[in-house]
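# Fold and geometry: a report
Here are the chains, one letter per residue:
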Amino acid sequence: MTETYKLFLERWRTIHDLEKVQELLDWDQQVVMPRKGAEQRGNQQAALAGLVHDRITDPELGELMDSLAAKGTPNEDGAADLREAARERERTMKIPRRLVKERARTIAMAQAAWAQAKAADDFESFQPYLEKVLSLTREMAQAIGTPNPYDALLDEFEPGMTESALKTLFGDLKGRLLPLLDKIKGATKPPGEAPVKRCFSRDRQEVFCRVIAKDMGYDFEAGRLDVSVHPFTAGTFRDVRITTRYDENFLNTALFGVMHEAGHALYEQGLDPERYRNPSGPSSSLGIHESQSRFWENLIGRSRAFWVYYYPKLRQAFPDVLDDVSLDAFYGAINVCRPSLIRVEADEVTYNLHIIMRFELESALLAGTLEARDLPEAWNTKSQELLGIKAGSNARGVLQDVHWSAGYIGYFPTYALGNLYGAQFMETLRQDIPDLDSRLERGELLPVKEWLNNRIHVHGRRYPAPELCRRVTGKELGAVSSIAYLTRKFGEIYGF
Ligand code: ZN
């Protein structure tokens, strides 16, 4: 390793550490911080955001990178480190330090305001915060200066992705999903959701969720499970924390929520120990990240094979609750496909429509063709148009997700991308482990974890997401695999 490369890595690892402190402060805010602490937290986040900005834009770091670019990096990973560092530095150089700090402060306060507004079903109290986040985010997109401002934001979450590419991809997806949904709606013997809507004690749910997360390979000595308003995963490598929320009258919320977050966590825990603080070491795009969470939540967690093993255990965990429900009735109940209000609880088919709806709204918000005050109405109009239903309250409508309060505009599309990546990954996994279903039926989840570790996690961002996708699946990202999977699965359940 050359001296220059060593110095470059040293500096970058400090930036990584500071960013992880920011993430930890955010976890603290969402899990344990007292309600009145938001303003102080805003100041702390602004201070750290300023430090990170200083470090990334430091001219001495620039000199090290120039010298590495001129003399060459020691190996392939070094080249990936330089590529990723250059991408982040170039982006950060364009955003004024003042704006970065102001945005960090505003987001901390907006997230706190959102949590209260959601609890009180009071959009008006949140609106001024959202307006401020939006105006700072528009300013940031302008500073980055891509011809289309939305592309500047997308680039942070899914590097290289553009609004126009998404429009094409989502148009194709929507065009294939709607006829499938029609077939499902026309089924004469649809499964019922009643079995998962019985009374499931919160404590027993937690015990069961912990068992599943542990069986998936989630290391509780390098993580923890807590409760938050909106479930999320924070941290990396040997400190990866997940959160969930419990609904005693709906089993799916925590069960599939924990599998989702544990899927994210396995990715973080599975990074390369030698490289996770280097520029190319952390997890790849958010679309790849969501592919990991949605993979466990749905492709594994909502599969029949998985429940052949776990359903008897679930019955034991909730004595008397599911005694009269057969495995097939339970499998049907966790896969009921029906337009519903809450994105994170949506079935695999309608889920993507929730995303397309948010994508269309947030791109209008950013372009300024939709204003924050008109959002609740626009939300209901879109919901009616795409899902055929309207939220009765803002708490279950426009206020349901934390993302916009956190300045995550351009993030939602990555969930649908995750579904598409995941379906393609599953095709390769099934080629590599042809007896996957019988292994799942025996409760063997670790071969899946290890396959994901080796094929995806350990690379971090060694390859840009489209290249990682080609390497693992031999194909470009598209909707075909996902639609084939959904058609097969729901055709079986709904009998068409
Ligand atoms: Zn997720």
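In the block above lies the structure referred to throughout.
The present account deals with the structure reproduced in this document. (Residues numbered from 1 in each chain as written. Predicted model: local features only at pLDDT ≥ 70, side-chain atom pairs only at ≥ 80, totals over all residues. Heavy atoms only, no water.)

### Quick look at the nonpolar core
Within the largest apolar cluster, 130 residues are counted, with the highest numbers of intra-cluster contacts made by W307 and W404. The greatest single-element share of this core, amounting to 11 residues, is contributed by helix α14 (residues 348-367). Counting residues in each nonpolar core, the second largest holds 16 residues, with F8, L25, L48 and L82 among its members. (Core = buried A, V, L, I, M, F, W, Y, C linked by side-chain atoms within 4.5 Å. Buried < 20%, exposed > 50% of the residue type's maximum accessible area, 1.4 Å probe, protein only. Helix = DSSP H or I, 4+ residues; strand = E, 2+ residues; numbered from the N terminus.)

### So, the coordination of the zinc ion
Taken together, the protein ligands of the zinc ion are H260 (NE2), H264 (NE2), E290 (OE) and E290 (OE), with distances of 2.1 to 2.6 Å. Metal-centred angles of 53 to 148° between the four donor atoms at the zinc ion mark the site as irregular. Take H264: its relative accessible area is 7%, and that puts it in the buried class. (Donors = N, O, S within 2.8 Å, 3.2 Å for Na, K, Ca; no water. Tetrahedral: all angles 85-135°; square planar, octahedral: opposite > 155°, others 65-115°.)

### Regarding the packing of helix α16 (residues 413-432) against helix α18 (residues 446-455)
Where α16 contacts α18, the two axes come as close as 11 Å, and the packing angle between them is 115°. Here α16 is positioned roughly perpendicular relative to α18, judged by the angle of their axes. Crossing of α16 against α18: the hand is right-handed. Together, F425, T428, L429 and D432 of α16 and V448, W451 and R455 of α18 make up the contact between the two elements. (Axes fitted to C-alpha atoms, helices over the stretch in contact; angles between N-to-C directions. Parallel < 35°, antiparallel > 145°, perpendicular 65-115°, else oblique. Left-handed = near helix turned anticlockwise from the far one by under 90°. Contact = heavy atoms within 4.5 Å.)

### Structural notes on empty space enclosed by the protein
Taken as a whole and assessed by the stated rule, the structure comprises five cavities of 30 Å³ or more. Within this model, the largest cavity holds a volume of roughly 110 Å³. For the lining of the largest cavity, the secondary structure elements donating two or more residues are α11 (286-300), α14, α16 and α20 (480-494). Per element, the largest residue contribution to the lining of the largest cavity is five residues, and it comes from α11. Within the lining of the largest cavity, the residues separate by chemical class into five nonpolar, seven polar and two charged. (1 Å grid on protein atoms, 1.4 Å probe; cavity = no way out; pocket = protein on both sides within 12 Å on 5 of 7 lines; lining within 4 Å. Points joined across faces, edges and corners; volume = space filled by probe spheres on them. Nonpolar A, V, L, I, M, F, W, Y, C, P; charged D, E, K, R; others polar.)

### What about the side chain of Q205?
Here Q205 lies in helix α9 (residues 202-216). Residue classification places Q205 among the buried positions, given a relative accessible area of 1%. Each residue touching Q205, except ones within four places of it in the same chain, is listed here: F200, Y246, D247, E248, L251, A254 and F318.

### What about the sheet that holds strand β3 (residues 239-244)?
Read from one edge to the other, the open sheet built from three strands follows the order β1-β3-β2, with strand pairing classed as mixed. Because the sheet does not close on itself, it has two edges, and the strands there are β1 (223-227) and β2 (233-236). For this sheet, the mean angle separating the axes of adjacent strands, direction not counted, is 15°. Where β2 and β3 come together, four bridges link them in antiparallel fashion. (Pairing = 2+ DSSP bridges.)

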